Amino acid sequence: MAASTPLDPFLRGSTSKNTRGLLRIIILCTIAAAAVSARLFSVIRFESIIHEFDPWFNFRATKYLVKNGFYSFWDWFDDRTWHPLGRVTGGTLYPGLMVTSGVIYHILRLLSLPVDIRNICVLLAPGFSGFTALAMYLLTSEMSSSPSAGLLAAAFMGISPGYISRSVAGSYDNEAIAIFLLVFTFFLWIKAVKNGSIMWGALAALFYGYMVSAWGGYVFITNLIPLHAFTLILMGRYSSRLYISYTTWYALGTLASMQVPFVGFLPVRSSDHMAALGVFGLLQLVAFFNFLRDQLPGKQFQTLLVALGGTIVVIMFLGLVALTASGVIAPWSGRFYSLWDTGYAKIHIPIIASVSEHQPTAWPAFFFDLNMLIWLFPAGVYLCFRNLKDEHVFVVLYAVLASYFAGVMVRLMLTLTPVVCCAAGLALSYILDTYLYAQKPVEESASSDSNGSIKASKFSANSALRSTRNSIVGIYSVVSKSVITSMVTGFLLLYVAHCTWVTSNAYSSPSVVLASRLPDGSQHIIDDYREAYYWLRQNTPSDARVMSWWDYGYQIGGMADRPTLVDNNTWNNTHIATVGKAMSSREEVSYPILREHDVDYVLVVFGGLLGYSGDDINKFLWMVRIAEGIWPDEVRERDFFTARGEYRVDDQATPAMKNSLMYKMSYYNYNSLFPAGQAQDRVRGSSLPAQGPELSILEEAFTSENWIIRIYKVKDLDNVGRDHQSAVSFDKGHKKKRKPGAKKGVRVLREE
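From a predicted model like this one, the values you see are computed outputs, not experimental measurements. (Residues numbered from 1 in each chain as written. Predicted model: local features only at pLDDT ≥ 70, side-chain atom pairs only at ≥ 80, totals over all residues. Heavy atoms only, no water.)

A.B. asks: Would you explain the overall build of the chain in this entry?
C.D. replies: Along the chain, the regular secondary structure elements total 33 helices and eight strands. Nonlocal contacts in the chain, meaning residues at least 24 apart in sequence, comprise 71% of its contacts between residues at least 6 apart. If you sum the accessible surface of the chain, you get close to 37,400 Å²; carbon and sulfur atoms cover 60% of it. (Helix = DSSP H or I, 4+ residues; strand = E, 2+ residues; numbered from the N terminus. Contact = heavy atoms within 4.5 Å. Areas by Shrake-Rupley, 256 points an atom, 1.4 Å probe, with all protein chains shown as cover.)

Structure follows, in structure tokens:
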């Protein structure tokens, strides 16, 4: 009998259950705290500030919601964007993020905690990341009976760079709450399928509706759940549990999603949602034929199944084709085709292809965002195949689809991370359970047999064969367990170190505030963006229209509070192409465009002095391509490449490049920073022409400290009717020369 230890009372009976439950709660709270803490590097190193581009619109919309109320927000028409068109903002966004922040703000005010709405928006994503880790624990616990699987998956999810990339403090984007809703909705769906419960199905529908209000990626759920149900039917696993859970989820979830104005009737009129509707109809047919099978003889049932079932399927297919052809059901969108053909967007929808996060994923990015989980992931999927229950089928389908989509679009790495963490938790817990919990079996005693003396003599006589005949297979020694434990601990520590380093160095720098290192290693802050936006806010009229590339529209509206022509909503491709045409054309072509759209100021981003590669010259070809899609006869991409196919900004740049408004605004007066003839563009590594470009329709209004932001004021028409080039020449003292042989006319007294 083993000697008792002081811990025995806590490891046996009901006390053991309570102790383990308490430890599990403490571990989950610690994981949630670690998830939140890992996302605060940006606040510690910089300040509490909104990051990137889209979050600035979300922040501006949240302030409008808090100030004016929900119904005013619902009916909000924003006349300060997309000038002169405006935008029906309340009906063209997913309001879940703003409403969530607004509710938290009012609850804190109710509790006499006057927290500024900006701090709520900055810290919303880290707060929800803790909930996401808890949701991952619940989801993974449904896949395995091992208590460690859910805890490991939650820990992985809490600090995985693939999720942190969109949930650091200040990343106030839709994904801040959407990933939690994605994981929790999947947990509720699995719970509903396992229990066949209307309650769990209704909860899944409720959180699905919340997800629809928060992120356009809800379409992933809309198609993955029907695919799971359809696969179970094909595997012969139809049951009343599946029928109850799916019909409850689809009916209530569709009604909930249709309450969002931006979604409206898309669930019944869009090809993206037809799979869910089709599986709903298929389940009704399967249930109906199951009922008939119990009522009719086998032969009659087979005849009816073939005749009636075939007829219904043909009618449904023809109806779908007819409705699609007539336009009642919208066809597949270009974004859908770009997921299956990575070159489709570049040819047909360059506005989509111009976004960096829509590019195909490079192989190193998988290791960068997932680290050691990338090799635990296939092992976890294999374990699901070994014990293929309904919930494991869901994980397998999720893994296959998410792996493909993450490969064709960088942004969708976000949807792959949850299933990777789940599968990795299953695999690692299986390894630990196998090595740490395995008990060495007790050898059969010879004396326990009724013929003990005979058996004993046989065993003693054949001692050489006994170990072969009754060999004990397994890993039971303390040494092997210690080695495996040490290796797993080492891998986990490396994983934590990698995640911390990636979070700190790659994903915690706000794009509006740049940082560099001085020769002594100290940090140097580059604040040109906010400097320029503050100048606009303080030195221009409140109704001054600012034209820039669409990347900066949300930031100008959020920080400078000035009307813009285009922004990151990108709902009007022609309007964006108009800006691209103005940027890529000669001054005499661009000026009428600026006048027609009441432009007062033009803003460009230029990184040639500092070596900032995310400037407008590097994005310029996308402006040209988008403009060429609308005006192929006026703007041609090939005109901006040399005869050798090179994109250059030096002496060998093409005339179209040198004469474009973008080139002139970027390099205007740039030569004055260098000795004569030594001007350098540090981004493109080019020596610039000795004579810099001249501007006639614009005048320089502001250039930031490091020349990253340059703002120009659009000149009015000349008072005496001259074109701007002639007026500039006159101001420089270059008078218009008289033609040779022309005589000076007689002076005449002017009479009014």
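We are not done yet, so read on.
A.B. asks: Would you take a moment to explain the confidence of the model for the chain for this structure?
C.D. replies: The predicted structure's coordinates, where accompanied by low pLDDT, should not be read in detail. Summary statistics for the chain give a mean pLDDT of 86 and a share of 89% for residues scoring 70 or more. Low confidence marks residues 450–461, where pLDDT is under 50. Its contacts with residues over four positions away, or in another chain, come to six contacts. Confidence drops under pLDDT 50 across residues 463–467; counting only partners more than four residues distant or on other chains, this segment forms two contacts. (pLDDT = per-residue confidence, 0-100.)

A.B. asks: Where do I start with unusual backbone geometry in this structure?
C.D. replies: Excluding glycine, residues mostly have negative phi values, and the peptide bonds linking residues are mostly trans. Cis rather than trans, the peptide bond between H83 and P84 has omega equal to 0 degrees. Following the sequence through the fold, P84 ends up in the loop between α4 (70–74) and α5 (96–110). Phi at S112 takes a positive value of approximately 60 degrees, unusual for a residue other than glycine. The topology assignment puts S112 in the loop between α5 and α6 (117–141). At W707, a position not held by glycine, the phi torsion is positive, near 65 degrees.

A.B. asks: For this particular structure, what's the right way to read helix α20 (residues 373–386)?
C.D. replies: Every α-helical turn comprises 3.6 residues, leaving residues that sit three or four positions apart pointing alike. Between its first and last C-alpha atoms α20 spans 20 Å; for 14 residues at 1.5 Å apiece the expected length is 20 Å, and the two agree. Listing the buried residues of α20 in full gives L373, L376, F377, G380, V381, L383 and C384. Down the axis of α20, the buried side of the element spans an arc of 155 degrees, and every buried residue falls inside it. Pointing more than 90 degrees away from the buried face of α20 are the exposed residues Y382 and R386. On the buried face of α20, the contacting elements are α7 (147–159), α19 (363–370), α21 (390–408), α22 (413–436) and α25 (478–505). (Expected span 1.5 Å × (residues − 1). Buried < 20%, exposed > 50% of the residue type's maximum accessible area, 1.4 Å probe, protein only. Arc of directions from axis to C-beta.)

A.B. asks: What should I look at first to understand the pairing of strand β7 (residues 698–703) in this one?
C.D. replies: When a strand is regular, its side chains alternate between the sheet's two faces. Relative to strand β8 (residues 709–714), β7 is paired through five bridges, and the arrangement is antiparallel. Paired with E699 across the two strands is K713, which belongs to β8. Remark: five residues form the turn of the hairpin made by β7 and β8, two consecutive strands paired antiparallel; W707 in that turn has positive phi of roughly 65 degrees. (Pairing = 2+ DSSP bridges.)

A.B. asks: I would appreciate a short explanation of a nonpolar patch on the surface in the present structure.
C.D. replies: Taken together, the side chains of V103, I107, L110, L111, L113 and V115 make up a nonpolar region of the molecular surface, amounting to roughly 560 Å² of accessible area. On the secondary structure map, L110 appears in helix α5. Look at L110 and you get exposed, because its relative accessible area is 72%. (Patch = residues over 30% accessible without salt bridge, like charges linked within 9 Å, V, L, I, M, F, W, Y side chains within 5 Å. Salt bridge = Lys/Arg side-chain N within 4 Å of Asp/Glu carboxyl O.)

A.B. asks: What is the right way to read the sheet that holds β7 from this model?
C.D. replies: Adjacent strands of a sheet form backbone hydrogen bonds with each other and so pair up, either parallel or antiparallel. What the four strands build is an open sheet, ordered β3-β4-β8-β7; its pairing is mixed. Only two strands of the sheet have a single neighbouring strand rather than two, namely β3 (546–547) and β7. Alignment of strand β4 (residues 601–605) against β8, held across five bridges, turns out to be antiparallel. Residue V602 lies in a different strand from β8, and its bridge partner there is Y712.

A.B. asks: Help me understand the packing of aromatic side chains, please; the structure alone is not making it clear to me.
C.D. replies: The geometry of an aromatic ring pair is captured by two quantities: the separation of the ring centres and the angle between the planes. Under the definition given, this model contains 49 aromatic pairs. Between F186 and Y398, the aromatic rings sit 5.2 Å apart at their centres with planes inclined by 65 degrees, giving edge-to-face as the arrangement. Taken together, the positions of F186 in helix α9 (residues 175–195) and Y398 in helix α21 put the pair 212 residues apart, joining distant regions of the chain. No difference in accessibility class separates F186 from Y398, as the two residues are buried. Aromatic rings pair up to connect Y94, W189, Y208, Y218, Y246, W249, Y250, F262 and F280 into one cluster. Taking NZ or CZ as reference, K581 lies 4.7 Å from the ring centre of W631, over its face. R625 extends its terminal NZ or CZ atom over the ring of W622, reaching a point 4.5 Å from the ring centre. (Phe/Tyr/Trp six-rings, centres within 6.5 Å; stacked < 30°, edge-to-face > 60°. Lys NZ or Arg CZ within 6 Å of the ring centre and 35° of its normal.)

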